[in-house]
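Examination of the molecular architecture
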Amino acid sequence: MKLLLVGEVRDDRLTAETAELSGFAARLDAEVSMVLAGSADALPSFAGRLYLADLETCGEFSSDVHKRLVLDAIEREQPDAVVLLHSSYGWDLAPRLAAAMQSAQVSGVVGLDDGGYVVESCNGKMRRTVRPLTDFAVLTIQPGAFAAAPMAGSPDVIAIEAAPDSAIEFLGCIEPERGIDLSRAGVIVSAGRGVGGADQVELVRALASALGGEVGASRPVVDAGWLERARQVGSSGQSVSPSLYVACGISGAIQHLAGMKGSGFVLAINTDRDAPIASVADLLVVADLAEFLPALTAALEQR
Amino acid sequence: MNILVCIKQVPDMEGRFEPNEAGSWFDEVGLAWRMNEYDAFAVEEAVRLKERLGGEARVTALCVGPARVVETLRKALSMGCDDAVHIDDPEAPERDPWQIASMIVGFAAGRGFELVFTGMQSEDRSSAQVGLLVAERLGVTCATGITAFEWRDGAITVEREIEGGRSCTLRLKAPALLTCQQGLNSPRYPTLPNIMKSKRAKLTVLTPESVGLEPPKASSGNFRPHERNAAGVILDGDAVTLAAQVLEILETRTAVLGKGGVR
Ligand SMILES: Cc1cc2nc3c(=O)[nH]c(=O)nc-3n(C[C@H](O)[C@H](O)[C@H](O)COP(=O)(O)OP(=O)(O)OC[C@H]3O[C@@H](n4cnc5c(N)ncnc54)[C@H](O)[C@@H]3O)c2cc1C
């Protein structure tokens, strides 16, 4: 099998997750090449053909220019599949490639299953196996799903370029509000949509204070304004690794798990015993948090 | 100005999912249905724009799916969409993104939609492909995962989320397709008169063949639960007993509760 990996550059540096593309290729025992909009001064350690375009000319956020670059590399390399990360860069670029190639795309691959690709369904509660029906396929792999392969060697660089005109104009980046650093907290008690309302967040706060920990949140809780944006845990929030993580009314979508799966002990409180948080929970308490949280807080305070 | 919103109906994710007989997808028995969360942001944004433009705009909601999706189209109408189009396809739940996109393209091509809003992905199949495939095949510019939207005479400014809580600001021109991410807006609750009105509205019903359904590019099967943490413990019962059990487990399995009190 021949794979063309699409490397990813953010802030002028190859992202760490790019090595996961190599890890995925290694699992398939594939022959690999890579295409990258980057800089000749910071080449990835990689043994194989590297189709390299100049990032400065292409722009980091011009998906149409990147599409033309990758299509050019596909044309030259004739791979069986092109592989991207299922990241904001990859999920945006992949269907553009699939449309141009009139090919299958498999999104967010988390595993391999007898020649097919395993993906998540129903917000992470279920899984299914997808098989391309076309000879060529576009694949995006879920960040964190495949162990990074150590990257070594020096690439055989082939310079490519694409017309830099883009229908999408980049105006600038907005940095997240910070101010609350959850990355060093030993205990985090997080509120999910299951808390049901802004006033109920008090139950979560009370437990966090009884445990001497910080309050975290899932994305919908932050979007609803029940807690500050800076408390969001997940792929578009903070990554945390406390000794104890308590997930209150959080279903456990993959983007949330991405931010907390490095936690020591995970306690989840959920009315749904099949919620996908069960895939990482060391202890799942099947209960209504409105009853259970005050009981646990009281028990802690009585010690 | 014509605006199109593409919506999907999905089951409530707290429901119990059992594989169907073929093991290819879930059995629909016993599930409750609602609008895909990401699509509700798309409907809301389209209706807000229409309201701002005051009368010059018309919003069409489009849904591909079996008979049950009529409910979700009526919801879109009650939120302020003007027209509803149902591509009546009993097999839609198991079609691949390419096929769904082929039908939307078949409907939208030549109808002069200046803007198309979709959700960034569905909650059940989560492929995040349909919006982009439609845009590419219609030949319109596309920005994905938007969390802010501004329109000024055909010039569009969006915020697009990237990793780690950062966003970037992008500018593009109509015609364009935008896929909507959580946080874009808070979808409204329809008023009772609007709900009543939507119940009487006439829907346009089309067949998959009439809008150019194409063959699939991928197959999907072996639908199964996500494995639990094998070492995980599950407890249920009354709150007070549970609290005592949990406390004991935290004391033995973690170091966060120092002896003689909370650290
Ligand atoms: C590109 C992208 C990036 C994202 N980034 C993030 C991110 O950084 N962080 C993040 O969190 N999400 C992120 N998401 C969203 C993610 O997919 C989920 O939508 C989100 O995590 C769901 O939040 P939740 O678990 O609080 O809500 P839900 O999924 O609605 O879950 C609520 C849970 O509460 C339970 N519940 C309900 N009532 C009770 C009760 N009374 N007692 C106990 N339990 C109850 C339910 O059973 C359910 O499991 C992202 C999504 C995308 C597409």
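Values in this document were obtained by computation on a predicted structure and should not be read as measured data.

Some details on the environment of A:L50
Residues and elements named next belong to chain A. Mapped onto the elements of the fold, L50 is located in strand β5 (residues 49-54). As for L50 and G213, which are separated by 163 residues in sequence, their C-alpha atoms are 47 Å apart. Those residues in contact with L50, other than ones at most four positions away along the chain, are M34, L36, L43, P44, P155, D156, V157 and I158.

A closer look at the domain arrangement of chain A
Residues and elements named next belong to chain A. Along its sequence, chain A is carved into domain 1 (2-160) and domain 2 (182-302). The centre of domain 1, based on its C-alpha atoms, is set 33 Å off from the matching centre of domain 2. Contacts between domain 1 and domain 2 engage seven residues on the former and seven residues on the latter. Note on domain 1 versus domain 2: buried area summed over both sides is about 510 Å², and carbon and sulfur give 56% of it. A salt bridge links D272 to K125; the nearest nitrogen and oxygen atoms lie 2.7 Å apart. In this assembly, domain 1 and domain 2 are joined by one residue pair in polar contact (both at pLDDT 80 or more).

Quick look at the site of the ligand
If you check the shell around the ligand, you find 33 residues, and the closest are A:R193, A:S218, A:S236, A:S251 and A:N270. Two or more chains meet at the ligand, and those chains are chains A and B. The separation between an oxygen atom of the ligand and a polar side-chain atom of A:S218 is 2.5 Å. Take A:Q255: an N or O atom from its side chain is 2.8 Å from an oxygen atom of the ligand. Relative to its unbound accessible surface of 990 Å², the ligand loses 92% to contact with the protein. Within the residue set of the shell around the ligand, elements represented by two or more residues are α6 (219-223), α7 (254-260) and β16 (265-270) of chain A. Split into classes, the residues belonging to the shell around the ligand amount to eleven nonpolar, 17 polar and five charged.

Regarding the environment of B:L31
All names here are of chain B. For L31, the location among the structural elements is in the loop between β2 (9-11) and β3 (33-35). Taking relative accessible area as the criterion, L31 reaches 11% and is therefore assigned buried. For the pair formed by L31 and T207, sequence separation is 176 residues and the distance between their alpha carbons is 25 Å.

Focus: the interface of chain B and chain A
For an interface, size is often stated in terms of accessible area lost upon the parts coming together. Facing 80 residues of chain B, the contacting portion of chain A comprises 84 residues. Carbon and sulfur atoms supply 53% of the area buried between chain B and chain A, which totals about 7,200 Å² over both sides. Contact with chain A buries area across many residues of chain B, yet B:R166, B:K217 and B:H226 alone supply 10% of it, more than any other trio. Joining chain B to chain A, the criterion identifies 13 salt bridges. The interface formed by chain B and chain A includes 47 residue pairs in polar contact (both at pLDDT 80 or more).

Conventions used here
- Residues numbered from 1 in each chain as written.
- Chains lettered and ligands numbered in written order.
- Predicted model: local features only at pLDDT ≥ 70, side-chain atom pairs only at ≥ 80, totals over all residues.
- Heavy atoms only, no water.
- Helix = DSSP H or I, 4+ residues; strand = E, 2+ residues; numbered from the N terminus.
- Contact = heavy atoms within 4.5 Å.
- Domains from an automatic or database assignment.
- Buried area = accessible area lost by both parts, 1.4 Å probe.
- Salt bridge = Lys/Arg side-chain N within 4 Å of Asp/Glu carboxyl O.
- Polar contact = N/O pair within 3.5 Å; in protein donor to acceptor, adjacent residues only side chain to side chain.
- Near = heavy atom within 4 Å.
- Areas by Shrake-Rupley, 256 points an atom, 1.4 Å probe, with all protein chains shown as cover.
- Nonpolar A, V, L, I, M, F, W, Y, C, P; charged D, E, K, R; others polar.
- Buried < 20%, exposed > 50% of the residue type's maximum accessible area, 1.4 Å probe, protein only.

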